[in-house]
Amino acid sequence: MVELKTENAENVGKENVDPSEEEEVMEVDESVEVKVFTVEILRVIKDLQLQHGLRHGDYQRYRGYCSRRVKRLRKTLNLPQGDRRHYKKRDVTVANLEKANSDDRFLHIPLMLAERAWSYAMQLRQESNTELRKRFHLIQKLRKACGYALQLQALCASNCCDARTKLEAEAYSAWMHGSLHFELSLWKSAAENLKKAQVIYENLAQAMPEEEQPVYRAKVEELKPSLRYCAYNVGENASVNDLLEMRTGQAAGLLGNLSNLVAQTKAESMDAFQQTEWRGRSVTVRPEKVRLFLLSIQELDKSIEKAKDVPAKIELLETVLIDCKDSIAAIKDEIKQDPKLRASATEGTTGLIGIQYLLAYMSYTRLKLTLERNLFLVAQAKQTLDDPNVTGKSSAPAPATTAVGKKSKPQDLSRLYEIILQNVTEMQQLAGMESDAGYQAEMETLSLSFRAFRCYYIALTLVAMKRWREAVAMYERSRKYAADAIAAKASCPDFNLQPELQQLVATIEGCKFSAHAYSVLEDDGTEDSVLYGKSLKTSKPLYERLSHYKEDATLNSRNPNVFKLVPEMEPIPAKPLFFDLALNFVEFPSLDDKIDQKAAGGKAGTGAGMTGFVKGLFSWGGGGGASK
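The rules behind each value
- Residues numbered from 1 in each chain as written.
- Predicted model: local features only at pLDDT ≥ 70, side-chain atom pairs only at ≥ 80, totals over all residues.
- Heavy atoms only, no water.
- Helix = DSSP H or I, 4+ residues; strand = E, 2+ residues; numbered from the N terminus.
- Buried < 20%, exposed > 50% of the residue type's maximum accessible area, 1.4 Å probe, protein only.
- Contact = heavy atoms within 4.5 Å.
- Areas by Shrake-Rupley, 256 points an atom, 1.4 Å probe, with all protein chains shown as cover.
- Phe/Tyr/Trp six-rings, centres within 6.5 Å; stacked < 30°, edge-to-face > 60°.
- Lys NZ or Arg CZ within 6 Å of the ring centre and 35° of its normal.
- Arc of directions from axis to C-beta.
- Axes fitted to C-alpha atoms, helices over the stretch in contact; angles between N-to-C directions.
- Parallel < 35°, antiparallel > 145°, perpendicular 65-115°, else oblique.
- Left-handed = near helix turned anticlockwise from the far one by under 90°.
- Nonpolar A, V, L, I, M, F, W, Y, C, P; charged D, E, K, R; others polar.
- Expected span 1.5 Å × (residues − 1).
- Patch = residues over 30% accessible without salt bridge, like charges linked within 9 Å, V, L, I, M, F, W, Y side chains within 5 Å.
- Salt bridge = Lys/Arg side-chain N within 4 Å of Asp/Glu carboxyl O.
- Core = buried A, V, L, I, M, F, W, Y, C linked by side-chain atoms within 4.5 Å.
- pLDDT = per-residue confidence, 0-100.

Within the protein chain one finds 22 helices and two strands. When the 628 residues of the protein chain are sorted by exposure, 40% land in the buried category. Taking the contacts inside the protein chain whose residues are at least 6 apart along the sequence as the reference set, 70% of them involve residues at least 24 apart. Approximately 37900 Å² of the protein chain is accessible, and the part contributed by carbon and sulfur atoms is 53%.

Below, the structure is given as structure tokens:
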């Protein structure tokens, strides 16, 4: 009776059910397509257990959560078991799964019922250490959990579930029966069921993508101690690996069915999760937005080639970049929703799991597309480049062409290459790729290449400013960077810059010698030299250069530069300052006696003081003062 009250306590408050609806038999319309559900049973129960008490071994809290979960599911799915007064058992059937508006949450009802009974049994196991009678109650709860597990397995065995769900339900039922037989000391059957669950989980781990494998491998390791204990109790001559072979017919059927389901699971996983490869590692693409983006960029190169001009190519890449950023946001949202992925991301582990590796790949794709867009901006600027070497003997990497619009200057291209170098730096700092030596070598070669181009256009800027020596130094540095990039063993496969670097080296040779020649001519003295038959202006007056003949047209003008009438200012030594330091040590005689005599002799001057002196000096104070 206690057990009955416990199980029926949640059924208070349910609606009446018509007896005719006790067994729902529905004829499935052939025109309606039956849905195929996927329920990751092991991952679902592990997440729920960790979130609701089992992280700290609180089975009672988890049991309460399972009861509330079942109540919410029945209310949401409109599958009540009675009302406040009456109770009518109503289990989930295959007909519920075959409905047009069916939901995979129907499968969660028997799963939560099994978990509730199992958690109650584990709670009773903790209490049975002091109360031995509770062990009988424990066995009854495990039997009930096995019944719900069998019900779940029967539902998943229908055509409404895929191969993965069938395997997981079979493994879950085998583990639950193995736990029951373990408590009943039925060592052979317990070992058979536990070994069956272990084999299924091992095959599932091999069939699943990399990020799905840890939960199955952890379950396999969890079953090993129980299997060793069963083997010990069976006897020394019995091997756990041979326990499945005791029933030859059943074992052969199990292994054959298992291999078929595993093959089907692999095929379904490939269809459900698209695989993409980057740097020799396959990564699973789960988010739908990311899969659509990866499919859309497969023909991106052809679309760029078909674009009519450079602005059209830039616009196409900017559109793709927006989609790439949305895909990265979808991956980050998935990492935030999964507590395990969020914890591993905050810990900063060196090894990247599947979803984090996918994030690194998408971040690299975004930076690569940004870099390609910037390279097209460089190509657009080169079409209207105002090259200062055009008047001389030069051949830039991209010769100037007649184009309509504003001309670009070399400093504009140097700024673009500076932005490109920032993109390369972000590529080098991608999370998880710091320890990849090959990747870092490729990024270093790419950085050297763009540094060479940037130094070249800085040199062109200096040439336009007639700073020849600095220009020669920048040409030499550009040539060194280009030579190092050409000689590097590792090169980025996404950017082939070798032909442009070789052309840059050939161009720098002529430009460097030209700038060097200009610097030498400038050092010879531009005031006394005539270059290319043109006279150079000078600031010296005629009287200072009478011994040198030089045509100067300014001598025939209104203001000839013949002689400077006002001499130039010249620096001279300043007048020294003297300080009388001895004055501080001189003792002056006292004049108190003279001051007292003057005050006694003249009464009129006593009250006047300084004011009277000033008035008398400027003739203030009336006519008497003026007459004196």
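It is worth spelling out the packing of aromatic side chains at this point. For the coordinates displayed, the defined rule picks out 19 aromatic pairs. Ring centres of phenylalanine 182 and tryptophan 187 lie 5.4 Å apart, and the angle between their planes is 85°; on these two criteria the pair is classed as edge-to-face. Residue classification places phenylalanine 182 among the partly exposed residues on the basis of a relative accessible area of 23%. By relative accessible area, tryptophan 187 is classed as buried at 18%. With a centroid separation of 5.7 Å and 45° between ring planes, the pair formed by phenylalanine 182 and tyrosine 229 is classed as tilted. Of this pair, phenylalanine 182 sits in helix 7 (residues 163–183) while tyrosine 229 sits in helix 9 (residues 213–234), and the two are 47 residues apart along the sequence. Among the aromatic side chains, those forming a connected cluster through ring pairs are Tyr417, Phe450, Phe453, Tyr456, Tyr457 and Tyr475. Against the face of phenylalanine 513 rests lysine 512, its NZ or CZ located 5.7 Å from the ring centre.

Before going further, it helps to spend a moment on helix 11 (residues 288–296). Within helix 11, the full set of buried residues consists of Val290, Arg291, Phe293 and Leu294. Projected onto a plane normal to the axis of helix 11, the buried residues spread over an arc of 160° and lie on a single side.

Where helix 3 (residues 59–76) meets helix 5 (residues 108–127), the axes come as close as 8 Å, and the angle between the chain directions of the two elements is 160°. In terms of orientation, helix 3 and helix 5 fall into the roughly antiparallel class. Once helix 3 is placed against helix 5, the crossing between them reads as left-handed. Judged by residue contacts, Tyr59, Gln60, Tyr62, Arg63, Cys66, Ser67, Arg69, Val70, Leu73 and Arg74 of helix 3 engage His108, Ile109, Met112, Leu113, Glu115, Arg116, Trp118, Ser119, Tyr120, Met122, Gln123 and Gln126 from helix 5. Looking at the contact of helix 3 with helix 5, its residues break down into 11 nonpolar, six polar and five charged.

Here we come to helix 5. Given 3.6 residues per helical turn, the α-helix brings residues three or four places apart onto the same face. In a regular helix each residue adds 1.5 Å, so 20 residues correspond to 28 Å; helix 5 covers 28 Å between its end C-alpha atoms and thus fits that length. Taking burial as the measure, the 20 residues of helix 5 include 17 buried ones, the bulk of the element.

Turning our attention to a nonpolar patch on the surface. A cluster of nonpolar residues, Tyr543, Leu546, Val562, Phe563, Leu565 and Val566, forms a patch on the protein surface that exposes about 680 Å² of accessible area. Topologically, leucine 565 is positioned in the loop between helix 19 (498–523) and helix 20 (592–601). With a relative accessible area of 77%, leucine 565 lands in the exposed category.

Position of serine 179 among the secondary structure elements: in helix 7. Serine 179 sits in the buried class, given a relative accessible area of 17%.

As a further point, take unusual backbone geometry. Note: most residues except glycine have negative phi, and most peptide bonds are trans. The backbone of asparagine 78 shows a phi angle near 55°, a positive value even though the residue is not glycine. Position of asparagine 78 relative to the elements: it lies in the loop between helix 3 and helix 4 (94–97). The phi dihedral of serine 185 falls on the positive side, at around 65°, and the residue is not glycine. Along the chain, serine 185 turns up in the loop between helix 7 and helix 8 (187–207).

Turning our eyes to something else, we now look at the pattern of salt bridges. One pass over the structure, following the stated rule, counts 23 salt bridges. Taking the shortest distance from any N to any O, the salt bridge between aspartate 47 and arginine 43 comes out at 3.3 Å. Placement of the pair is aspartate 47 and arginine 43 together in helix 2 (residues 41–51), with a separation of four residues, close to one helical turn. Looking at arginine 43, the relative accessible area reads 32%, which means it is partly exposed. Because the salt bridges share partners, they merge into one network encompassing Glu40, Arg43, Asp47, Arg164 and Glu168.

This brings us to the nonpolar core. Note on soluble globular proteins: their nonpolar side chains tend to be buried together. Core analysis: the largest hydrophobic core is formed by 72 residues, its most contacted members being Leu358, Met362, Leu446, Phe450 and Tyr475. Counting residues in each nonpolar core, the second largest holds 67 residues, with Leu138, Ala145, Leu152 and Met176 among its members.

Another point: the environment of valine 92. Considering the arrangement of structural elements, one finds valine 92 in the loop between helix 3 and helix 4. For the pair valine 92 and phenylalanine 106, spaced 14 residues apart in sequence, the C-alpha separation works out to 6.7 Å. Excluding residues within four positions of it along the chain, valine 92 makes contact with Leu79, Phe106, Ile109, Pro110, Gln151 and Leu155.

Turning our attention to the confidence of the model for the protein chain. Residues with a pLDDT of 70 or more make up 75% of the protein chain, whose mean pLDDT is 77. Confidence over residues 345–350 falls short of pLDDT 50; this stretch has three contacts with residues more than four positions distant or in other chains. Taken as a whole, residues 623–628 scores under 50 in pLDDT and shows zero contacts with residues more than four places along the chain or in a different chain.

When two helices pack together, their arrangement is given by the angle between their axes and by how far apart the axes lie. Viewed as axis vectors pointing N to C, helix 6 (residues 134–156) and helix 7 meet at an angle of 160°, and their least axial separation amounts to 9 Å. It follows from the interaxial angle that helix 6 and helix 7 lie roughly antiparallel. Crossing geometry of helix 6 relative to helix 7 is assigned as left-handed. Facing helix 6, whose interface residues are Arg135, Leu138, Ile139, Leu142, Arg143, Ala145, Cys146, Ala149, Leu150, Leu152, Gln153 and Cys156, helix 7 presents Thr165, Lys166, Ala169, Glu170, Tyr172, Ser173, Met176, His177, Ser179, Leu180 and Glu183. Counted by class, the contact of helix 6 with helix 7 contains 13 nonpolar, five polar and five charged residues.

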